[in-house]
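Structural description and commentary
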Amino acid sequence: MIMKMILCISTVSLFLNCCGTVKTQADQLNISINHSDIYSWLNLMPGGPPSFHITGNLTIKNEESYEIKELNLNEIILTQQDIPLYHFEPLLEPVNENISGKNLEAGEEKEFRFGVKSGLEVKPELDSEKPITARLVFNSGEKIFEYVIYNIQIEKAY
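I will try to describe carefully the structure that is included in this document. (Residues numbered from 1 in each chain as written. Predicted model: local features only at pLDDT ≥ 70, side-chain atom pairs only at ≥ 80, totals over all residues. Heavy atoms only, no water.)

On to the overall build of the protein chain, then. What the protein chain contains, in helices and strands, is one helix and ten strands. When the helices and strands of the protein chain are read in sequence order from the N terminus, they spell out α-β-β-β-β-β-β-β-β-β-β. Buried positions account for 32% of the 158 residues belonging to the protein chain. Nonlocal contacts in the protein chain, meaning residues at least 24 apart in sequence, comprise 67% of its contacts between residues at least 6 apart. A total of about 10,100 Å² of accessible surface is found on the protein chain, and carbon and sulfur atoms cover 54% of it. (Helix = DSSP H or I, 4+ residues; strand = E, 2+ residues; numbered from the N terminus. Buried < 20%, exposed > 50% of the residue type's maximum accessible area, 1.4 Å probe, protein only. Contact = heavy atoms within 4.5 Å. Areas by Shrake-Rupley, 256 points an atom, 1.4 Å probe, with all protein chains shown as cover.)

Moving on to the sheet that holds strand β3 (residues 72-80). The four strands are arranged β4-β3-β8-β9 in an open sheet whose pairing can be described as antiparallel. Edge positions in the sheet fall to β4 (83-88) and β9 (143-152), since each has one partner strand and no second. Strand-to-strand, the axes of this sheet are offset by a mean angle of 20 degrees, without reference to chain direction. The sheet contact formed by β3 and strand β8 (residues 132-140) spans seven bridges and is antiparallel. Pairing of Leu73 across the sheet is with Phe138, part of β8. (Pairing = 2+ DSSP bridges. Axes fitted to C-alpha atoms, helices over the stretch in contact; angles between N-to-C directions.)

Let's shift gears to a negative patch on the surface. On the surface, Asp37, Glu63, Glu109 and Glu111 cluster together to form a negatively charged patch. With respect to the element layout, Glu111 can be found in strand β6 (residues 109-115). (Patch = residues over 30% accessible without salt bridge, like charges linked within 9 Å, V, L, I, M, F, W, Y side chains within 5 Å. Salt bridge = Lys/Arg side-chain N within 4 Å of Asp/Glu carboxyl O. Lys, Arg positive; Asp, Glu negative; His and termini not counted. Charge placed at Lys NZ, Arg CZ, Asp CG, Glu CD.)

Bringing the pattern of salt bridges into the picture now. Scanning all chains against the criterion turns up six salt bridges. With its nearest N and O atoms 3.9 Å apart, the salt bridge here joins Glu64 to Lys143. Note that Glu64 is positioned in the loop between β2 (51-62) and β3 and Lys143 in strand β9, a separation of 79 residues in sequence. Residue Glu129 pairs with Lys156 through a salt bridge whose shortest N-O separation is 2.5 Å. Residue Glu129 is found in the loop between β7 (120-121) and β8, and its partner Lys156 is found in strand β10 (residues 154-157); the two are separated by 27 residues along the sequence. The exposure class assigned to Glu129 is exposed, which follows from its relative accessible area of 58%. Classification of Lys156 by relative accessible area gives partly exposed; the value is 33%.

Let us look at the pairing of strand β1 (residues 31-43). Looking down a regular strand, the side chains alternate between one sheet face and the other. Looking at chain direction, β1 and β2 are connected through eleven bridges and run antiparallel. Following the sheet pairing, Trp41 is matched in β2 by His53. Where β1 meets β10, four bridges bridge the pair, whose relative direction is parallel. The residue of β10 that forms the bridge with Ser40 is Ile154.

In structure tokens:
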């Protein structure tokens, strides 16, 4: 009986280790991020359909002991009260126009601006009176990093 339990546990453990999608520390980008000037708004101006926008600045520091090549912001997932509302590929560009590329030397810090490529359709589920949460998903090669910004207020532009 004990041998069967040990065999069963070993089999389950092997299955989970081989087939799971668990990210290890080696799969994580070692960066630190500070955010500022985060704005989200509904464009309600006449002359076009209403649209939703978000933008902000990120100061990203490479905490690795090697250069990070092509840091990408793959997606932003916006939620409100834990309900996903938007999922999109954002723009990410250096704030300083003299700095090009998305490579970060070991220990280097760069400031980037992110935002939507164009306004997003206003979804009926979006409550402009309640804050949103933004989950930013970065990658470089196979390594990933997620950064969450809470309590983003939605403004209205008429």
